[in-house]
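Chain and residue survey
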Amino acid sequence: MAKLSFLQRIFIALGAGILLACFGAAPSSAATVSVDVAPGGQLMFSPSTVSIRAGDTVTWTWRASGHSVTSGTPGKPSGLFDSGVNSSGFTFSHTFKDLGTFTYYCMPHGACCAMTGSVTVAAATPTPSPAAAQPVNISTRLEVKTGDQVLIGGLIITGTAPKRVILRALGPSLAGAGITDPLADPFLELHASDQSVITTNDNWRDSPTADIEATGLAPSNDLESALVITLDPGSYTVIVNGKNGATGVGLVEAYDLDGSATSQLLNISTRGFVESGSNVMIGGFILGGGSENTKVLVRAIGPSLTGQGVAGALADPTLELHDGNGALIQSNDNWKDTQQTEIEATGLAPVNDLESAISETLAPGAYTAIVAGKGGTTGVGLVEVYRLP
C-alpha cells in the first residue's frame, strides 16, 4: 500500500488545500427596554424607540416601584401593557409579528406626565442556511499505460449554470516528489458525453497562459498539460496519455473554479491500471464551497468493467478512505460486508459483490481514497466519489 506521507506531499505541492466556506450571521432576536422614574415623577424609557424585525421579542423591565402604570394607544399589539405594574423588577415581553411602527405610553397613576415609546418592526431577514460542502477537486495518480490502460478521469456537472474548471495532466514535476518513473510528456484530451473531442492540450503554455496563471494552478513544468474551460451541466471525460505512446506515473486533476455557480460537481471518477506497491490508485478529493458536513459515497470498481469491454479488469479491489492527516477513516473489501443497507439506499451500489464502497459523512477538507488489488493483484480499476443528497 502507498505511503500517505507521499500523498500529503503531493497535495501540498499541488495546492490541494484550497477550501471554500460560506458563513451567515443571524439577525438579533431580542431587544430590551428599561423603565425608570425621573426625579419629577415622569417615567423614562431607555431606549424610547426600538427597531426590530418580525419575529423578534421586546422585553420591558420596570425599575420603578410603587407606581401603578396603565398604558396603550390605538393600534398597539393586542396584550401590550393591559395591566397595572406595582413592583420593581416586573418584566413584560411581547413578540412582534406584524410589520409597522407601534406606539405606547406609560403614566404613573394620578401623575401629569406620560412617556411615549415606539417599536418599529421591519421584515425579517432570512438566516442563510449553512451550505453543505461539495467536491471541488479530484487528483488521481497512477501508472499511465497505453490503450485501455491510459488514465481516464470523469466528471459530472449538475445544476442550471455553466461551471468554470481547470483540468491538469502532470508528469515531469512528480519527480520532485520522489516518483522514479514519471510520465515524461503527458497529453490531455477533453471529451463530451458522446466521446467527441471538445479540446486537447499537449504543453500548457500552448493554451492561453494568462487564464491558467490567473488560477494559481499553472503546472510547474512546461511539458505538462492544462486547460481552463467553462462547461455546461453534463458529463465529461478527461483522458491522459503519454505523448507518442510513452508510459509512466501521471496525475489527472479537475478543480472547480466557480464555487458560487448554481451548478456543482456531483460525481468525479478516475479509471486506470492499478499496480501494487507505490503504484496503486491514489485518488485525492477536496470538499469545499460550504461549511456543513457532506455525505459522500466512494466506490472502487473492477470486475464489472469487464462487461463494458475493458480487458484486464481488477478482479477484487479494496478501498481505504483517509483524512487530510493520513488517518484511516474507513476501509472496505467487498461492499456487502459493511453498510449494505445504507449503500443500497443510495441507488449506487456496485453491481459486483467483490467491488468496494464506503458511505461516509465528511467535514470540509481534503481526503484520499486508495484502491488496490486484494493480495497484490493488478488490473484496470475505477475510483469514484459521489456527493449524496
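Relevant structure appears above.
Quick look at the structure, then. In this text the structure is predicted, and so the values were computed from the model without any measurement. (Residues numbered from 1 in each chain as written. Predicted model: local features only at pLDDT ≥ 70, side-chain atom pairs only at ≥ 80, totals over all residues. Heavy atoms only, no water.)

Helices and strands together make up the secondary structure of the chain, namely 3 helices and 24 strands. Excluding contacts between residues fewer than 6 apart, the proportion of contacts in the chain whose partners are at least 24 apart in sequence is 76%. Taken as a whole, the chain presents about 16600 Å² of accessible surface, with 52% of it coming from carbon and sulfur. (Helix = DSSP H or I, 4+ residues; strand = E, 2+ residues; numbered from the N terminus. Contact = heavy atoms within 4.5 Å. Areas by Shrake-Rupley, 256 points an atom, 1.4 Å probe, with all protein chains shown as cover.)

Over the atoms, a rolling probe the size of a water molecule traces out where space has been left empty. Roughly 500 Å³ of volume is contained in the largest pocket. The wall of the largest pocket is formed by 27 residues, among which G154, S269, Q308, L382 and E384 lie closest to the centre. Mapped onto the lining of the largest pocket, the elements with two or more residues apiece are strand 10 (151-158), strand 15 (234-242), strand 17 (264-274), strand 19 (294-301) and strand 24 (379-387). Top element by residues in the lining of the largest pocket is strand 10. It accounts for 5 residues. Grouping the amino acids of the lining of the largest pocket by side-chain chemistry returns 13 nonpolar, 10 polar and 4 charged. (1 Å grid on protein atoms, 1.4 Å probe; cavity = no way out; pocket = protein on both sides within 12 Å on 5 of 7 lines; lining within 4 Å. Points joined across faces, edges and corners; volume = space filled by probe spheres on them. Nonpolar A, V, L, I, M, F, W, Y, C, P; charged D, E, K, R; others polar.)

Counting 38 residues, the largest nonpolar core has L190 and F285 as the members making the most contacts within it. Within the second largest apolar cluster, 15 residues are counted, among which are W60, F96, Y104 and V119. (Core = buried A, V, L, I, M, F, W, Y, C linked by side-chain atoms within 4.5 Å. Buried < 20%, exposed > 50% of the residue type's maximum accessible area, 1.4 Å probe, protein only.)

Another aspect to go through is unusual backbone geometry. Although it is not a glycine, N244 sits at a positive phi angle of roughly 60°. Among the structural elements, N244 can be located in the loop between strand 15 and strand 16 (248-256). In this structure N244 comes out as exposed when scored by relative accessible area, which is 78%. Of note in this structure, Q339 is not a glycine but carries a positive phi near 60°. With respect to the secondary-structure elements, Q339 resides in the loop between strand 21 (328-332) and helix 3 (340-345).

With that out of the way, let us pick up the environment of T346. Here T346 is to be found in the loop between helix 3 and strand 22 (356-362). T346 sits in the partly exposed class, given a relative accessible area of 25%. With sequence-adjacent residues up to four places away left out, T346 is seen in contact with L297 and L388. Engagement of the side chain of T346 in a polar contact is seen with the backbone oxygen of I343, the distance being 2.6 Å. Only 3.1 Å separates the side chain of T346 from the backbone nitrogen of L348, close enough to count as a polar contact. (Polar contact = N/O pair within 3.5 Å; in protein donor to acceptor, adjacent residues only side chain to side chain.)

Attention now goes to the pairing of strand 13 (residues 197-201). Pairing of strand 12 (residues 186-191) with strand 13 involves 4 bridges; the strand directions are antiparallel. By the bridge assignment, L190 is partnered in strand 13 with T199. Following strand 12, the chain reverses through 5 residues before pairing antiparallel with strand 13; Q195 in that reversal takes a positive phi of roughly 70°. (Pairing = 2+ DSSP bridges.)

Among the secondary structure elements, T237 is positioned in strand 15. Excluding its chain neighbours within four sequence positions, the residues that come into contact with T237 are I152, G153, G154, E189, L190, H191 and Q195.

Inspection of the secondary structure puts R299 in strand 19. Since its relative accessible area comes to 13%, R299 is described here as buried. Along the primary structure R299 and V385 are separated by 86 residues, whereas in three dimensions their C-alpha atoms are 6.6 Å apart. Once you skip the residues sitting within four places of it in the chain, R299 turns out to touch L319, L348, A349, P350, S356, A357, L382, V383, E384 and Y386. At a separation of 2.6 Å, a polar atom in the side chain of R299 contacts the side chain of E384.

From the geometry alone we can't say anything about function, so treat these as descriptive.
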